[in-house]
Structures are given as structure tokens and as C-alpha cells.
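Letter by letter, the chains look like this.
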Amino acid sequence: MAVFTEVSLAQAQALADRLNLGAVQALQGIKAGIENTNYFLNTESGSYVLTVFERLTFEQLPFYLRLMEHLAQRGVAVPAPHADAQGEILFELAGKPAAVVDKLAGGHQLAPDLHHCQQVGAQLARMHLAGQDFPLSQPNLRGLAWWSETVPVVLPFLSPAQSELISSELAFQQQLAASQSYAELPRGPIHADLFRDNVMFAEVEGGLPGRERLTGFFDFYFAGVDTWLFDLAVCLNDWCIDLASGRLDAARAQAFVDAYEGVRPLSGAEHRLLPALLRGAALRFWISRLWDFHLPRDAALLKPHDPGHFERVLRERVAEPWHALKD
Ligand SMILES: Nc1ncnc2c1ncn2[C@@H]1O[C@H](COP(=O)(O)OP(=O)(O)OP(=O)(O)O)[C@@H](O)[C@H]1O
Ligand SMILES: N[C@@H](CCO)C(=O)O
């Protein structure tokens, strides 16, 4: 269970009072998640999620929380943070930063079909466009600079074959990042971690069975300014693959890209660089999973994600580069 910081009912009530949310009826630690402490908070005014941030600082958090607020105000389905009477959305709990956001309806879709991929693809493009005029800026803190810093830290835990793969892929990505075509890629605030477990879907009343509606993207705490194509690649590597083998499912991937392009067509450079960014997105999560696995932090019962999964995904993307078809 990833509750790193215990929050008492009295602490939750004090925060609820400040946010004018009424009497706390229930406070329940959430087991899922490995980055932050999350609680479901029910008060007489509604259902919320209270997050205590374990790694992110008071200086970094306004970027994420104001981005969520900005996107929600522009009609992107994102949980809006709650503000106090002064408009403040970042608070202190147990000496750590904390925030309260709306609870999204529904649950995860862990076996997505074409219909789910299309909805996420279209919403991703809408989110990219809506973020264009977001005034704050912060780099993707899990971008190339972090990969370059962290690969040497995890190398001692790897076999010779794994070391060779991770080092050569890092060199490839460094070279790519220095190229002219990479510099041409459009950029803006991206989610950067939009996996199946960071999107909610809910059944539509009176709708067809299995035809759930996307209710929102959440967990923006890896967001940063980076290429929009990287965000798309992160999604394709999770929403459109066979989880056992890591292989891309071309039908779902094409449906995802088509839906994205229905809102924002990709440039020629984006089409050309998609296979390379799919590799970069696999490398990013292989590194972070290795880091979490071999250098864990304290948590009551933390279950790290399997690094081997993204090693397989990376090997697949190198062996079988995938290009989306153009309309
Ligand atoms: N706004 C929300 N609405 C509904 N449920 C939420 C919301 N935020 C978080 N949750 C629930 O809490 C769980 C854990 O949250 P989250 O995935 O953000 O964990 P984390 O530790 O912050 O991040 P990570 O996924 O990177 O480990 C989610 O799987 C989801 O069930
Ligand atoms: N989505 C990440 C977890 C951190 O959010 C992973 O699957 O490795």
C-alpha cells in the first residue's frame, strides 16, 4: 500500500474547512500508485482526492496544479484543484505539500479496445492544443537530462546485454535530441505518464454495453514541457500494445493516431520521428522502473512495477519500427 504519509481525520478536516468543503465523512488511503500518498476524501459537499506529494516540492507543484486548473477551465476532462478563499491551491500537511482535487467518476479500462484508444487519442490532442497558452513553464523532469543522469546509477544492477542495450539506446536518443528534425517538433505542456491507470472511463447511462465514456485524465505530476510527439509515444506504448509481449497492436495504434490527427494533424517531422520517440518513451519507463526497483524508498508495502516489461517494449520498438499511416 503506497501510503507514505499518514493523514489524520483532524488534519483532513482542517484542510476541508479551509476549502469550504464541509464535514468530513470518510477518509480512506488509496493502495494504488507509487509516487504520492493519495486518500479518497468524502465530505458533505462531495467526493475528492487528497494528495500528499512525496517527491515534488512547493516550488515545482504550482506548474502541475495550475496546468490542471488551466485545462479544466478550457473544457479538457481533468480534475480541477480546489482553492481556498485566497485562490491558493497548494497547502501543507505533515510538513509536505498537499492538494485536493475533484474525484473523477468511473474506473480504469485495463483492456482497451479501439473505442477507448480513439477517445484517449482525441482527448490527448485537445489537451495539447488547450495547453498552448499555459503561461507557466517547467521542463519534463523525467526527460533526456534525467535519463542521462540515471542510467549510470542503474547500470551496476544490469546484465552485460542489458547494459549494452540501455547505453546504446541512450546514445541514440542523445543524438536524436541534437538533430534538426527533432528541433522542429512542436512542443508544449504534456502529461508524460498517460497510462491506462491514469485515465478514467464510466458507463454511459442507457448506452451500449462496453461503450464507456472517458471521464478524465489525472495524475499530472510528471507533466512538463516537452514534444507533443513524446506524449503520443508514451500513450501508444501503453494503450496499444499486447502487454505480454510488448508488441504494438497496429490496429489500436493506428486508431489512436487517427483520432489524435482528427483534432491535430501531425507534421511530416512528427510522422518521421514517431518510431524513434516510441523507443525513447520505452527507455524512459525502463529507466524509472529500474530506479524504483533497485533504489526503493520507504513505503509500508510498495510494489514496484516490473522493469522487464519496458525492456521488452524497447527491444520490440528497436526490432520493429512502427510508422503510422497518413490519411
Ligand atoms: N482525481 C481522481 N479521481 C478518481 N480517482 C483518483 C483520482 N486521483 C487518483 N485516483 C485514484 O488513486 C489511485 C492512485 O493515484 P495515482 O495513480 O495518481 O498515484 P500516484 O502514486 O500519485 O502516481 P503513480 O500512478 O505515478 O504511481 C488511482 O489509481 C485512482 O484509482
Ligand atoms: N506509469 C509509470 C508509473 C509512474 O507513474 C510506470 O508504469 O512505470
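Residues numbered from 1 in each chain as written. Chains lettered and ligands numbered in written order. Predicted model: local features only at pLDDT ≥ 70, side-chain atom pairs only at ≥ 80, totals over all residues.

Taken residue by residue, the protein gives an average pLDDT of 94. The fraction at 70 or more is 96%. For this predicted complex, the interface confidence score (ipTM) comes to 0.92, while the overall pTM stands at 0.93. (pLDDT = per-residue confidence, 0-100.)

Our next topic: the environment of Ala14. Here Ala14 is to be found in helix H1 (residues 9-18). Distance in space between the C-alpha atoms of Ala14 and Val24 is 9.5 Å, their sequence separation being 10 residues. (Helix = DSSP H or I, 4+ residues; strand = E, 2+ residues; numbered from the N terminus.)

Attention shifts here to the site of ligand 1. Every one of the 17 residues lining ligand 1 counts as a neighbour, but Ala32, Gly33, Asn36, Leu104 and Asp219 are closest to it. The class makeup of the residues in the shell around ligand 1 is nine nonpolar, four polar and four charged. Residues lining the shell around ligand 1 come from more than one domain, with at least three contributed by each of domain 1 (9-102) and domain 2 (114-319). (Near = placed C-beta within 6 Å. Nonpolar A, V, L, I, M, F, W, Y, C, P; charged D, E, K, R; others polar. Domains from an automatic or database assignment.)

What follows concerns the domain arrangement of the protein. Each domain of the protein was delimited in the assignment, giving domain 1 (9-102) and domain 2 (114-319). A C-alpha centroid distance of 25 Å is found between domain 1 and domain 2. Broken down by class, the residue content of the side of domain 1 that touches domain 2 amounts to 13 nonpolar, three polar and three charged.

The N-to-C vectors of helix H7 (residues 228-239) and helix H8 (residues 250-263) enclose an angle of 145 degrees; their axes lie 10 Å apart at closest approach. Seen along the crossing, H7 lies across H8 with a hand that is right-handed. Two secondary-structure elements touch here, H7 through Leu232, Cys235, Leu236 and Trp239 and H8 through Arg252, Ala253, Phe256 and Tyr260. Residues that form the contact of H7 with H8 fall into these classes: seven nonpolar, no polar and one charged. (Axes fitted to C-alpha atoms, helices over the stretch in contact; angles between N-to-C directions. Left-handed = near helix turned anticlockwise from the far one by under 90°. Contact = placed C-beta atoms within 7 Å.)

So, about the packing of helix H3 (residues 114-130) against H7. Their axes nearest at 11 Å, the elements H3 and H7 cross at an angle of 165 degrees. One way to sum up the angle between H3 and H7 is to call them roughly antiparallel. The two elements H3 and H7 cross, and the hand of that crossing is right-handed. Note on element contacts: H7 touches H3 through Trp228, Asp231, Leu232, Cys235 and Trp239, opposite Cys117, Val120, Leu124 and His128. (Parallel < 35°, antiparallel > 145°, perpendicular 65-115°, else oblique.)

It is worth spelling out the site of ligand 2 at this point. Lining the immediate environment of ligand 2, one finds Glu35, Asp193, Phe195, Phe285, Ser288, Arg289 and His305. Each residue belonging to the shell around ligand 2 can be placed in one class, and the counts come to two nonpolar, two polar and three charged.

Before going further, it helps to examine helix H4 (residues 144-154). Of the positions making up H4, those classed as buried are Leu144, Trp147, Val151 and Val154. Taken down its axis, H4 places every buried residue within 85 degrees of arc, on the same side. Exposed side chains of H4 directed beyond 90 degrees from the buried face belong to Ala145, Glu149 and Pro152. Among the structural elements, helix H5 (160-177) and helix H9 (268-294) are those in contact with the buried residues of H4. (Buried ≥ 20, exposed ≤ 12 C-beta atoms within 10 Å, placed from the backbone. Arc of directions from axis to C-beta.)

If you trace the backbone, Val101 turns up in strand S5 (residues 96-102). Judged by the 23 C-beta atoms lying within 10 Å of it, Val101 falls in the buried class. Spatially, the C-alpha atom of Val101 lies 17 Å from that of Leu9, the residues being 92 residues apart in sequence.

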